[in-house]
Amino acid sequence: QARLIESGGGLVQAGGSLRLSCAAVEPRHNIAAMGWFRQAPGKEREFVAAVTWLGYNTWYGDSVKDRFTISMDNSKNTMFLQMSSLKPEDTAVYYCAATASASNYYYSASDFTAWGQGTQVTVSS
């Protein structure tokens, strides 16, 4: 399965923006979809967004809808998460994930088999 390398986390003030990247390195063939999840201290891992490999279909968690945008750059084998209007409650470790399984939707961590190491996003009030 693909190895995933995340980047772009950091510290930002509330209302600000950040862009996360997740590069799929070899072997990256057979990826059907990629996604982002996050986990705050003491909380369960939460679905953020997912996108099919060619970028045609996207899904978002309710808490980030209309603020975050997920996209794919197939020329770079890289997925992006543009986060805007950030809130302190967005503070978490963000993980990217990938799956080779085709599906009509992706919302659960169990849908994905490959995971990145995580990148910290901290939003100050």
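For every chain, the first residue of the written sequence is number 1, and numbering continues from 1 onward in sequence order. The predicted origin of the model limits local features to residues at a pLDDT of at least 70 and limits the giving and counting of side-chain atom pairs to 80 or more, whereas totals for whole chains, interfaces and linings rest on all residues. No hydrogens and no water enter the side-chain calculation; it runs on all heavy atoms of the structure.

Draft legend 1. Local environment of the overall build of the protein chain. Secondary structure summary: the protein chain contains zero helices and 11 strands in total. To qualify as a helix, a DSSP run of H or I must reach at least 4 residues; to qualify as a strand, a run of E must reach at least 2; elements of each kind are numbered from the N terminus. When the elements of the protein chain are put in sequence order from the N terminus, they spell out β-β-β-β-β-β-β-β-β-β-β. Each radius of gyration reported is based on C-alpha atoms, and the globular scaling rule is 2.2 Å times the count of residues to the power 0.38. In terms of C-alpha radius of gyration, the protein chain reaches 13 Å, essentially the compact-globule figure of 14 Å for 125 residues. Expressed as lengths along the three principal axes of its C-alpha atoms, the size of the protein chain is roughly 40 × 25 × 25 Å. Counting over 125 residues, the protein chain shows a buried share of 46%. In the protein chain, once contacts between residues fewer than 6 apart in sequence are set aside, the share between residues at least 24 apart is 57%. Only the protein chains shown count as cover for residues, and all accessible areas are computed by the Shrake-Rupley method using a 1.4 Å probe. For the protein chain, the exposed area adds up to about 6400 Å²; of that, 46% sits on carbon and sulfur atoms. The charge count treats Lys and Arg as positive and Asp and Glu as negative. His and the chain ends do not count. Working definition for charges: the position is that of NZ of Lys, CZ of Arg, CG of Asp or CD of Glu. In the protein chain, 10 positive and 10 negative side-chain charges are present, and the distance between their average locations comes to 4 Å. Three labels apply to residues, based on accessible area from a 1.4 Å probe with only protein chains included: buried if under 20% of the type maximum, exposed if over 50%, partly exposed otherwise in between. Only heavy atoms matter for contacts: two residues are in contact if any of them lie within 4.5 Å across the pair.

Draft legend 2. Molecular detail of the pattern of salt bridges. What counts as a salt bridge is simple: a side-chain nitrogen of Lys or Arg found within 4 Å of a carboxyl oxygen of Asp or Glu. With the rule as written, the count across this model stands at four salt bridges. D62 is the partner of K65 in a salt bridge, and the nearest nitrogen-oxygen pair spans 3.2 Å. For D62, a relative accessible area of 68% corresponds to the exposed category.

Draft legend 3. Fine view of the packing of aromatic side chains. Stacked, edge-to-face and tilted labels apply to pairs of Phe, Tyr and Trp rings (six-membered ring for Trp) whose centres lie within 6.5 Å, assigned for plane angles under 30 degrees, over 60, and everything in between, in that order. Scanning the entire structure with this criterion turns up eight aromatic pairs. Taken together, a centroid distance of 6.5 Å and an interplanar angle of 70° make the contact between F112 and W115 edge-to-face. Consider the ring centre and the ring normal. A charge sits over the ring if Lys NZ or Arg CZ is within 6 Å of that centre and within 35 degrees of that normal. In this arrangement the basic side chain of R45 is found over the ring face of W115, its NZ or CZ atom lying 4.9 Å from the centre.

Draft legend 4. Examining the state of the cysteines more closely. When two cysteine sulfur atoms lie within 2.5 Å, the pair is treated as a disulfide. For the structure shown, the criterion picks out one disulfide. Each sulfur of the disulfide joining C22 and C96 lies 2.1 Å from the other. Note on the C22 and C96 pair: the S-S dihedral is about 50°, so by sign convention the disulfide is right-handed. Of this pair, C22 sits in strand β3 (residues 18-25) while C96 sits in strand β9 (residues 92-99), placing them 74 residues apart in sequence.

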